[in-house]
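Here is how the chains run, residue by residue.
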Amino acid sequence: MELFVSFILSSVISIALIPILIKSASVLNMVDEPDERKVHTKAIPRCGGLGLAIAALSVILLLLPFEGPIGRLLIGGGIIVLFGALDDILNLNYKWKFFGQFLAVFVMVSGGIYLKFLPFAGLDPAPLWIAYPLTVLFVVGVTNAVNLSDGLDGLAAGIMLMTVSAIAFYSALVDSSSLAIMALALAGGIVGFLRFNTHPAIVFMGDTGSQFIGFMASSFTIYLIVDVHQTLNPALPLLILGLPILDTLTVMVQRIRSGHSPFSPDKRHIHHRLLRLGFTHAEAVGAIYILQALFLLASFFLRYKSDSVVLGFYLSICFVILLFFYGAARLGWMLHSVQEPIERRRSFFRRFNWLYKFSKFYIEYSLAIFIGIMIFAMFGHAMMFTQLEMVFAIAFLCLFWFLNNPLKETLTRLSIYAAGVFSCLILNPSNGVDHWLVWGVDIFLAVLLIVVFLAVQVTRKTVFSLTTQDVLVGLFILSAMFLADIELLPRILFRLFCLGYAVEYLFHRKAKEYRPLKLLAMFSGVMILLIVLPGAVSAMK
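Just so we're clear, the structure is a prediction, and the values are computed from it rather than from any experiment. (Residues numbered from 1 in each chain as written. Predicted model: local features only at pLDDT ≥ 70, side-chain atom pairs only at ≥ 80, totals over all residues. Heavy atoms only, no water.)

### Notes on the overall build of the chain
When you go through the chain residue by residue, the secondary structure sums to 22 helices and 2 strands. Relative to all contacts within the chain whose residues are 6 or more apart in sequence, the contacts with residues 24 or more apart total 78%. For the chain, the accessible surface area stands at approximately 25,300 Å², while carbon and sulfur atoms represent 69% of it. (Helix = DSSP H or I, 4+ residues; strand = E, 2+ residues; numbered from the N terminus. Contact = heavy atoms within 4.5 Å. Areas by Shrake-Rupley, 256 points an atom, 1.4 Å probe, with all protein chains shown as cover.)

Following this line, the structure appears as structure tokens:
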């Protein structure tokens, strides 16, 4: 329950806080102006990182004791946020940025989080005069690698979301709830940020966010290898943080060879090279996601292998990636020679005039039926709602009716997604539910997804198109199917996948429609909150 609360609570705080920061960006002087090395062409707020950092840190503070290594990690993260925010506001000199990073690493190392065991050094702890400098070099290097790779919408955030999710997975393997809670809190903050950062982004994370997630991810990796899961190979951080390390090292080498400073800004990063090869924005980000997924998948299968195998595999992947770019440049290969708009809808489906209204009707009432089933199941299985709690639920619904539409739709989305997760927790064989009913729910949602596909084909107006978030969702579902030891996680991801597309299709239509669905969703959301809240309160104690 703590892991669930950590991720959901951080996501909610991030989603709620970032719009407020966006409106305050000009007052805070946190606006990113375009220049010759940037892809965007208009001023965009760069305060999203502050929102995700506040969400992650506040949830960790609520759920974990502020002591020992955890306390030092939080202080280090706070220092990074402070200097990152000052940089976003005042454009600090790079020396101040490095000062803040070194100070944060010093605090972390003083708490006992450093590279105690090194590759090819056996089981004996490394001497401190070697361990400390390597820890500083690794953490500062990764922090700046993530900062430098944040060049496209959703790029750095998506890579780090995959990375911290892998860290949470490794932590859960050995029942280390503290690191899993921290990693999922950070993942939740990133998910909330990606809600506003998917192309075309309406907010950037700025140095605050990119440095924060880079620092926390590298620190979590060291904590995982050294203190939590000591049987993991000490060279595994190379794979867990594979692509940012490769990108930064290759860019710095190219800059030095051309006689420039290794920290000078340019367009030599992997995402810039993909764009020059004719990749669209979404294709470049999606390709990088897949490359990072390859590194993470290798880390899973090689986690107990020898140092030479891990290092050799990492270098092999890097060699193939660099060889691709070298060959593409020599051959003049382009993915798209001319960028032309693609007609996504087939005329065949438009022949059926009734299909548009039917699809819209079916999606709306299928979601309503699903939510109704969940409300009935929660009443039948939980049996924990007092009269006072039901009065609270009804009062909240009355308040919900007067909220403005954007906030109302956000709360509705969250409630439907929460119902999807709870449907897996409640409607599963371990609770005595027949297998045919569980599979019936999955088939019901699969049919719903097919109808959503048909609805997109017959809708003349562009409702939504494939985005980099879709790539992330697909990668998470595939990884869950291959890596999860239990049936629950893949089922949760599958149901969220189906519900997510159905909800997004509806809510890209007229905002004032679907009132019965919104009320049912919020009623189930309040019920779920009444179930989860006692567990969250006890976890904080």
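### Observations regarding helix α9 (residues 206-228)
Across its 23 residues, α9 extends 31 Å between first and last C-alpha, which sits within 8% of the 33 Å expected from 1.5 Å per residue. For α9, the tally of buried residues reaches 22 of 23 residues, placing the bulk of the element in the interior. (Expected span 1.5 Å × (residues − 1). Buried < 20%, exposed > 50% of the residue type's maximum accessible area, 1.4 Å probe, protein only.)

### Here we look at the packing of aromatic side chains
Overall, the coordinates contain 14 aromatic pairs when judged by the stated rule. Between Phe279 and Trp333, the aromatic rings sit 6.3 Å apart at their centres with planes inclined by 65 degrees, giving edge-to-face as the arrangement. Residue Phe279 is located in the loop between α12 (270-276) and α13 (281-301), and its partner Trp333 is located in the loop between α14 (307-331) and α15 (347-350); the two are separated by 54 residues in the primary sequence. Residue classification places Phe279 among the buried residues on the basis of a relative accessible area of 13%. Here Trp333 falls in the partly exposed class, since its relative accessible area comes to 35%. With 5.3 Å between their ring centres and 65 degrees between their planes, Phe324 and Phe325 make a pair best called edge-to-face. The partly exposed category is assigned to Phe324, whose relative accessible area is 36%. Its guanidinium or amino end placed over the ring of Tyr114, Lys116 lies 5.5 Å from that ring's centre, counting from NZ or CZ. The aromatic ring of Phe325 is capped on one face by Arg273, whose charged end is 4.5 Å from the ring centroid. (Phe/Tyr/Trp six-rings, centres within 6.5 Å; stacked < 30°, edge-to-face > 60°. Lys NZ or Arg CZ within 6 Å of the ring centre and 35° of its normal.)

### Things to note about the side chain of Ser359
As for its placement among the helices and strands, Ser359 is situated in helix α16 (residues 354-382). Judged by relative accessible area, which is 1%, Ser359 ranks as buried. Once residues lying within four places of it in the same chain are set aside, the contact partners of Ser359 are Val451 and Ala455.

### Re unusual backbone geometry
You will see that Asn29, though not glycine, has its phi angle at about 60 degrees, which is positive. Here Asn29 lies in the loop between α2 (25-28) and β1 (31-32). At Asn91, a position not held by glycine, the phi torsion is positive, near 55 degrees. Inspection of the secondary structure puts Asn91 in the loop between α4 (68-90) and α5 (94-110). Classification of Asn91 by relative accessible area gives exposed; the value is 54%.

### Digging into the confidence of the model for the chain
Parts of the model with low pLDDT should not have their predicted coordinates read in detail. Model confidence for the chain is summarised by a mean pLDDT of 81, while 81% of its residues fall at 70 or above. For residues 339-346, every residue scores under 50 in pLDDT, and the model assigns this stretch 18 contacts once sequence neighbours within four places are set aside. (pLDDT = per-residue confidence, 0-100.)

### So, the packing of helix α1 (residues 2-23) against helix α3 (residues 48-63)
At a minimum axis distance of 8 Å, the contact between α1 and α3 shows a crossing angle of 145 degrees. Crossing hand, α1 versus α3: right-handed. Along its contact with α1, which presents Glu2, Val5, Ser6, Leu9, Ser10, Ile13, Ser14, Leu17, Ile18 and Leu21, the element α3 presents Gly48, Leu50, Gly51, Leu52, Ile54, Ala55, Ala56, Ser58, Val59, Leu62 and Leu63. Across the contact of α1 with α3, the residue classes tally to 14 nonpolar, 6 polar and 1 charged. (Axes fitted to C-alpha atoms, helices over the stretch in contact; angles between N-to-C directions. Left-handed = near helix turned anticlockwise from the far one by under 90°. Nonpolar A, V, L, I, M, F, W, Y, C, P; charged D, E, K, R; others polar.)

### Brief notes about the pattern of salt bridges
Tallied over the full model, the rule gives 4 salt bridges. Of the charged contacts in the structure, one is a salt bridge between Asp87 and Lys97, with a shortest N-O distance of 3.6 Å. Taken together, the residues Asp87 in helix α4 and Lys97 in helix α5 connect sequence positions 10 residues apart. The pair formed by Asp87 and Lys97 is uniform in burial state, with each residue classed as buried. We note a salt bridge from Asp207 to Lys97, for which the minimum N-O separation is 3.2 Å. (Salt bridge = Lys/Arg side-chain N within 4 Å of Asp/Glu carboxyl O.)

### A closer look at the nonpolar core
Residues Met182, Leu186, Ile190, Phe212, Ile213 and Phe220 are the most contacted members of the largest nonpolar core, which totals 109 residues. By size, the runner-up hydrophobic cluster in this structure holds 40 residues, among which are Phe4, Leu367, Phe507 and Ala521. (Core = buried A, V, L, I, M, F, W, Y, C linked by side-chain atoms within 4.5 Å.)

### Digging into the packing of α13 against α14
One way to put it is that α13 packs onto α14 with a least axis distance of 11 Å and a crossing angle of 165 degrees. The orientation of α13 relative to α14 falls into the category roughly antiparallel. Between α13 and α14 the crossing geometry is right-handed. Facing α13, whose interface residues are Leu291, Leu294, Phe295 and Ala298, α14 presents Phe313, Tyr314, Ile317, Cys318 and Ile321. When its residues are assigned to classes, the contact of α13 with α14 shows 9 nonpolar, no polar and no charged. (Parallel < 35°, antiparallel > 145°, perpendicular 65-115°, else oblique.)

### Focus on the environment of Leu291
Of note, Leu291 is situated in helix α13. Every residue in contact with Leu291, bar those within four places of it in the chain, is listed here: Leu243 and Ile321.

### Some points on the side chain of Ser366
Looking at the secondary structure, you find Ser366 in helix α16. Taking relative accessible area as the criterion, Ser366 reaches 5% and is therefore assigned buried. In contact with Ser366, not counting residues within four places along its chain, are Phe444 and Leu448.

### Things to note about the environment of Met162
Looking at where Met162 falls in the secondary structure, it is placed in helix α7 (residues 155-173). In this structure Met162 comes out as buried when scored by relative accessible area, which is 7%. Met162 sits 134 residues away from Leu296 along the chain, and the two C-alpha atoms are 8.2 Å apart.

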